[in-house]
Amino acid sequence: MTADIIDGKAFAANLRAKVAAMVPAFREKAGRAPGLAVVLVGEDPASQVYVRNKHKTTVEAGMESFEHRLPADTTQDALTALVEQLNADPAVDGILVQLPLPKQIDESAVLATIDPDKDVDGFHVVNVGRLSTGMHGYVPCTPLGCVMLLKDRLGDLSGKDAVVIGRSNIVGKPMAQLLLAENCTVTVAHSRTAHLPEVVRRADIVVAAVGRPEMVKADWIKPGATVIDVGINRVPGAEPGKTKLVGDVDFAEAVEVAGAITPVPGGVGPMTIAVLLRNTLVAAHRLADVPYDE
Ligand code: NDP
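Residues numbered from 1 in each chain as written. Predicted model: local features only at pLDDT ≥ 70, side-chain atom pairs only at ≥ 80, totals over all residues.

### Remarks on the sheet that holds strand 3 (residues 64-70)
Inclusion rule: Strands were regarded as paired on the criterion that DSSP finds at least two bridges between them. Elements are defined by DSSP. Helices are runs of H or I of four residues or more, strands are runs of E of two residues or more, and each kind is numbered from the N terminus. In this analysis, axes come from line fits to C-alpha atoms, helices being fitted only over the stretch in contact, and the angle between any two N-to-C directions falls in the range 0 to 180 degrees.
Pairing is parallel across the open sheet formed by three strands, whose spatial order is 3-2-4. Looking along the sheet, the strands with just one partner apiece sit at the ends: strand 3 and strand 4 (94-97). Averaged over all pairs of adjacent strands, the angle between strand axes in this sheet comes to 15 degrees, irrespective of strand direction. With seven bridges joining them, strand 2 (residues 35-41) and strand 3 adopt parallel strand pairing.

The structure is reproduced here in structure tokens:
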């Protein structure tokens, strides 16, 4: 029996529509639209695509989008000054500084400058602390999107054995915290984990966030497990000169064993922007003191 395919694209479209539907009521109560400021430093082509998409989806949701493009040689002081200006701007509810930043800039120092209550990416240490202590805060968009997909598929996650492969601050660690908060028994695996296939085979829920094309094989997966593939890897395609996207899971194999699995593309990927809009809407409600009812 083959796995059910978890349609992240459809789920994300639905979430974006839900957010858009809540914007008019917010506008009425607050007298303004929710606002998201995105800061891009330099010319990184992938970042340019992400920022363009963020602008487009923000506007489509009826929100205000403030784009700030700075040259690659921007100084730390200039970037900090911009972030402080956005912190003070009452039209801005969410601030996102697109990563990676150019080498001359200390990324963690910049993230630390963002007002934690406008940190819709959830990377500020205050929000990391809030997440790990169970306080209200902002949670990184990609792992929050993964949990939404998991809960939609499985309902209550209590007691499930979950293995997260990857321990980055952006995906792996917040993912583990979120699953712990959902009462899963969580194992975090990484490049030094011994006997990784055996560890993964225990899991009812596998989240792969590694960045290695098709690393997770079918015989690593417990039959019936739910597999969330966060990986986005560009590899050579079937035709010469063409490329394609694959995940960290060998989809063609894993689909024969798993109970449900996210495809790449069309799984986790579209969730990130949708959750960003949702986080911005939540921030807007909190900052304007308007009750938020999800
Ligand atoms: P990082 O490179 O920051 O982290 C990768 C993690 O994988 C590290 O913890 C590393 O371990 C671990 N790892 C590397 N090799 C192995 C191995 N052989 N066995 C087990 N673990 C290993 O990546 P990110 O977390 O930022 O991203 C992971 C993937 O998710 C990427 O493909 C990225 O493109 C994708 N991604 C997708 C997003 C989306 O869908 N919107 C958003 C963000 C990321 P160690 O710590 O020991 O080095």
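### Quick look at the site of the ligand
Going by this rule: Any residue whose C-beta atom, as placed from the backbone, lies within 6 Å of a molecule or strand is termed near it. Note on residue categories: nonpolar means Ala, Val, Leu, Ile, Met, Phe, Trp, Tyr, Cys or Pro, charged means Asp, Glu, Lys or Arg, and polar means any other residue, Gly included.
Within the structure, the ligand sits among 25 residues, and Gly166, Ser168, His190, Ser191 and Gly211 are positioned closest to it. Its residues assigned to classes, the shell around the ligand shows 10 nonpolar, 12 polar and three charged.

### A short note on the domain arrangement of the protein chain
Going by this rule: Residue ranges assigned to each domain were obtained from an automatic or database domain assignment.
Taken domain by domain, the protein chain comprises domain 1 (32-117) and domain 2 (141-270). Taken over C-alpha atoms, the centre of domain 1 sits 29 Å from the centre of domain 2.

### Points about the sheet that holds strand 5 (residues 161-165)
Formally: We call two residues in contact if the C-beta atoms placed from their backbones are at most 7 Å apart.
Strand order in the open sheet made by the six strands is 1-11-8-7-5-6, with parallel pairing throughout. The open sheet has two edge strands, strand 1 (4-5) and strand 6 (185-189), and neither has a second partner. Where strand 5 lies against strand 6, five bridges are found, and the strand directions are parallel. Bridge pairing in strand 6 links Val163 to Thr187. Along the sheet face, helix 6 (residues 141-154) touches strand 7 (205-208), strand 8 (226-229) and strand 11 (260-261) and points at about 160 degrees away from the line of strand 8.

### Digging into unusual backbone geometry
Glycine aside, residues mostly have negative phi angles, and peptide bonds mostly take the trans form. Using the following cut-off: The burial criterion counts other C-beta atoms lying within 10 Å of a residue's C-beta, which is placed from the backbone; the residue is buried at 20 or more, exposed at 12 or fewer, and partly exposed between these limits.
In the segment running from Leu99 into Pro100, the intervening peptide bond is cis, with an omega of 0 degrees. In this structure, Pro100 sits in the loop between strand 4 and helix 4 (107-113). Going from Val264 to Pro265, the amide bond is cis rather than trans, its omega being -5 degrees. Within the secondary structure, Pro265 is located in the loop between strand 11 and helix 10 (269-288). With phi around 70 degrees, Asn183 is a residue other than glycine that occupies positive phi space. Mapping Asn183 onto the fold places it in the loop between helix 7 (172-181) and strand 6. A residue is classified by how many C-beta atoms lie within 10 Å of it, and Asn183, with 12 of them, is exposed.

### Here we look at the packing of helix 6 against helix 7
To keep things clear, this is the line we draw: In this scheme, a crossing is called left-handed if the near helix is turned counterclockwise away from the far one by less than a right angle; it is called right-handed if the turn is clockwise.
Running from N to C, helix 6 and helix 7 point in directions that differ by 35 degrees, and their axes come no closer than 8 Å. For helix 6 against helix 7, the interelement crossing comes out right-handed. For the pair helix 6 and helix 7, the contacting residues are Pro143, Leu144, Cys146 and Val147 in the first and Pro174, Met175 and Leu178 in the second. Among the residues forming the contact of helix 6 with helix 7, the class breakdown is seven nonpolar, no polar and no charged.

### Observations concerning the UniProt feature "domain: Tetrahydrofolate dehydrogenase/cyclohydrolase catalytic" (unreviewed entry) in the protein chain
What counts, and what does not: UniProt positions are given in the numbering used here, feature names are shortened, and annotations may be inferred rather than shown by experiment.
Within this structure's numbering, the places UniProt gives as "domain: Tetrahydrofolate dehydrogenase/cyclohydrolase catalytic" (unreviewed entry) are residues 6-121. Between the C-alpha atoms that bound residues 6-121 there is a distance of 24 Å. The span itself is 51% helix and 16% strand.

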